[in-house]
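# Chains, contacts and geometry: an overview
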Amino acid sequence: MTATAARSGRLTDLPVLLVAVVWGSSYLAAKGVTTERTVLAVLVLRFAVALPVLVAAGWRRLRGLSAVQLRGAGLLGLILAGIFLLETYGVVHTSATNAGLIISLTMVFTPLAVSRVRGTRLPGAFMAAAGLSVLGVALLTQGAGFSAPTGGDLLMLGAAVARTVHVLAMSRMESVRGADALSLTTVQLGGAVVVFAALVALPGTGASPWAAAAGFGAGDWLGLVYLSAFCTLFAFFVQMWAVRRTSPSRVSLLLGTEPVWAAAVGIAVGGDRPGWLGLLGAVLVLAGTAWGRSVADRERAAGSTTEAATAEAATAKTETEGTEAEAAV
């Protein structure tokens, strides 16, 4: 590799790494701007800001989607809405550190699910890595002592399962294969916003978007803009740009550092104090997901189909937000 090529690669890597940092911090940002009564309102406001930008950026390609593709993307949007609801309610009821690390289990859930669907066997090393990650989450949720996981922890675990379902659906639905990524994302987010708007209109589901916005202070608005502009729009467009200049596996590798940043931001900025059991759990989660990724890389080099599933899991945030623009939380 020439010096120019190496420098170009580093310049491409930096924005992608910044996306991982932004996503890692998104859990704390969402926790700061959201309460249990404003979850739906915040989701409507967040994507009402981002959606028009996506529509304007990809209007021509959006018009090119067939009716079958629109229906498929709409169905994926329903799953996406479920992911956002689980994540956002979850982060309200647990720490930002726990949220970011528990959701990373998608990285091991997806290859496990794919192998089950395809009737293939995963390497023993991957299964060991998955077990290490699950053990880490079990310890992470204990805090300073052994206790039942919080409701927020369980919601984040449900979100990780829902992300796995979303990735599987995207990879297996014939109706959306070949669809433009920007158009597919726009329709999915639009469908999710419709779900949020319908739910918030029901009695007893919390504050309306207008009431929540009226009660926002300057810090709340900054948090909302950060989630919309950086965690959704910036993240999605950087990924589209980077994939064209490097490999999807390289992008997914960098995005896979998200849980590291979630833990770092939660502890350093959010004041999370997971206790010694929680810290041990965090280390095991990070070690398990990193080990699983390395096993998948070796499988990819050997031409195994396991790599494809793990690459999808590594970009699950991408697939669920802005491709999923993942927004996520």
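## Observations concerning the overall build of the chain
Within the chain one finds 16 helices and zero strands. When each of the 329 residues of the chain is scored for burial, the buried share is 53%. Total accessible area on the chain is roughly 13,800 Å²; 68% of this is exposed by carbon and sulfur atoms.

## Some points on the confidence of the model for the chain
Residues with a pLDDT of 70 or more make up 83% of the chain, whose mean pLDDT is 82. Confidence drops under pLDDT 50 across residues 304-329; counting only partners more than four residues distant or on other chains, this segment forms 106 contacts.

## Describing the packing of aromatic side chains
Throughout the structure, instances matching the rule amount to six aromatic pairs. Taking the centre distance of 5.4 Å and the plane angle of 65° together, the rings of Phe 236 and Phe 237 count as edge-to-face. Linked through ring pairs, Phe 47, Phe 84 and Phe 196 together constitute an aromatic cluster.

## Some details on the nonpolar core
Residues Val 16, Tyr 27 and Phe 216 are the most contacted members of the largest nonpolar core, which totals 45 residues. In terms of residues, this core owes the most to one element, helix H1 (residues 3-33), which gives eight residues. By size, the runner-up hydrophobic cluster in this structure holds 24 residues, among which are Val 39, Leu 80, Ala 192 and Val 193.

## A word on helix H6 (residues 106-118)
Here H6 spans 18 Å end to end across 13 residues, near enough to the 18 Å set by a 1.5 Å rise per residue. One or two steps after H6, the chain reaches Gly 119, where phi turns positive at roughly 70°.

## Examining the side chain of Glu 258
Its location among the elements puts Glu 258 in helix H13 (residues 258-268). Here the side chain of Glu 258 touches Tyr 27 through a polar contact of 2.8 Å, side chain to side chain.

## So, the pattern of salt bridges
All told, the structure shown has three salt bridges when counted by the stated rule. Between Asp 180 and Arg 61 there is a salt bridge, and its shortest N-O distance comes to 3.3 Å. One end of the pair, Asp 180, is in the loop between helix H8 (151-172) and helix H9 (181-200); the other, Arg 61, is in helix H3 (residues 59-63), with 119 residues separating them in the sequence. The salt bridge involving Glu 87 is made with Arg 163; its shortest N-O contact spans 2.4 Å. Placement of Glu 87 in helix H4 (residues 67-92) and of Arg 163 in helix H8 is noted, with a sequence separation of 76 residues between them. Each member of the pair, Glu 87 together with Arg 163, is buried.

## Some words on the packing of H9 against helix H11 (residues 218-245)
It is the contact of H9 with H11, at a shortest axis distance of 12 Å, that shows an interaxial angle of 160°. By the criterion of interaxial angle, the relationship of H9 to H11 is roughly antiparallel. Between H9 and H11 lies a crossing of right-handed hand. Contacts between H9 and H11 involve Ala 181, Leu 182 and Thr 185 on the former and, on the latter, Phe 236, Phe 237 and Met 240. Per-class residue counts for the contact of H9 with H11 are five nonpolar, one polar and no charged.

## Digging into the packing of H6 against H8
In a packed pair of helices, the relevant descriptors are the angle between the two axes and the axis-to-axis distance. Contact geometry of H6 with H8 gives a least axis separation of 9 Å together with a crossing angle of 45°. Considering the angle they form, H6 stands oblique to H8. The way H6 lies across H8 gives a crossing that is right-handed. The segment H6 lies against H8, with Thr 106, Phe 109, Thr 110, Ala 113, Val 114 and Val 117 engaging Leu 157, Ala 160, Val 161, Arg 163, Thr 164, Val 167, Leu 168 and Arg 172. Residues that form the contact of H6 with H8 fall into these classes: nine nonpolar, three polar and two charged.

## Side note on the environment of Thr 12
Position of Thr 12 among the secondary structure elements: in helix H1. For Thr 12 and Arg 245, which are 233 residues apart along the polypeptide, the C-alpha to C-alpha distance reads 7.2 Å. Excluding residues that lie within four positions of it along the chain, Thr 12 makes contacts with Trp 241, Ala 242, Arg 245 and Thr 246.

## Considering the environment of Gln 239
Relative to the assigned elements, Gln 239 resides in helix H11. Taking the relative accessible area as the measure of exposure, Gln 239 reaches 5% and is therefore buried. A C-alpha to C-alpha distance of 8.3 Å links Gln 239 and Val 19, two positions 220 residues apart in sequence.

## Concerning H11
Between its first and last C-alpha, H11 extends 38 Å over 28 residues, near the 40 Å set by a 1.5 Å rise per residue. Most pronounced at Phe 234, the bend in H11 amounts to some 30°.

## Quick notes on the environment of Val 200
Structurally, Val 200 can be placed in helix H9. In the structure, Val 200 is positioned 156 residues away from Val 44 in sequence and 8.7 Å away in space, judged by C-alpha atoms. Non-local contacts of Val 200, meaning those with residues more than four positions away in its chain, are made with Leu 40, Ala 41, Thr 205, Ala 207, Ser 208 and Pro 209.

Rules of the game
- Residues numbered from 1 in each chain as written.
- Predicted model: local features only at pLDDT ≥ 70, side-chain atom pairs only at ≥ 80, totals over all residues.
- Heavy atoms only, no water.
- Helix = DSSP H or I, 4+ residues; strand = E, 2+ residues; numbered from the N terminus.
- Buried < 20%, exposed > 50% of the residue type's maximum accessible area, 1.4 Å probe, protein only.
- Areas by Shrake-Rupley, 256 points an atom, 1.4 Å probe, with all protein chains shown as cover.
- pLDDT = per-residue confidence, 0-100.
- Contact = heavy atoms within 4.5 Å.
- Phe/Tyr/Trp six-rings, centres within 6.5 Å; stacked < 30°, edge-to-face > 60°.
- Core = buried A, V, L, I, M, F, W, Y, C linked by side-chain atoms within 4.5 Å.
- Expected span 1.5 Å × (residues − 1).
- Polar contact = N/O pair within 3.5 Å; in protein donor to acceptor, adjacent residues only side chain to side chain.
- Salt bridge = Lys/Arg side-chain N within 4 Å of Asp/Glu carboxyl O.
- Axes fitted to C-alpha atoms, helices over the stretch in contact; angles between N-to-C directions.
- Parallel < 35°, antiparallel > 145°, perpendicular 65-115°, else oblique.
- Left-handed = near helix turned anticlockwise from the far one by under 90°.
- Nonpolar A, V, L, I, M, F, W, Y, C, P; charged D, E, K, R; others polar.
- Bend = angle between axes of the 7 residues up to and from the residue.

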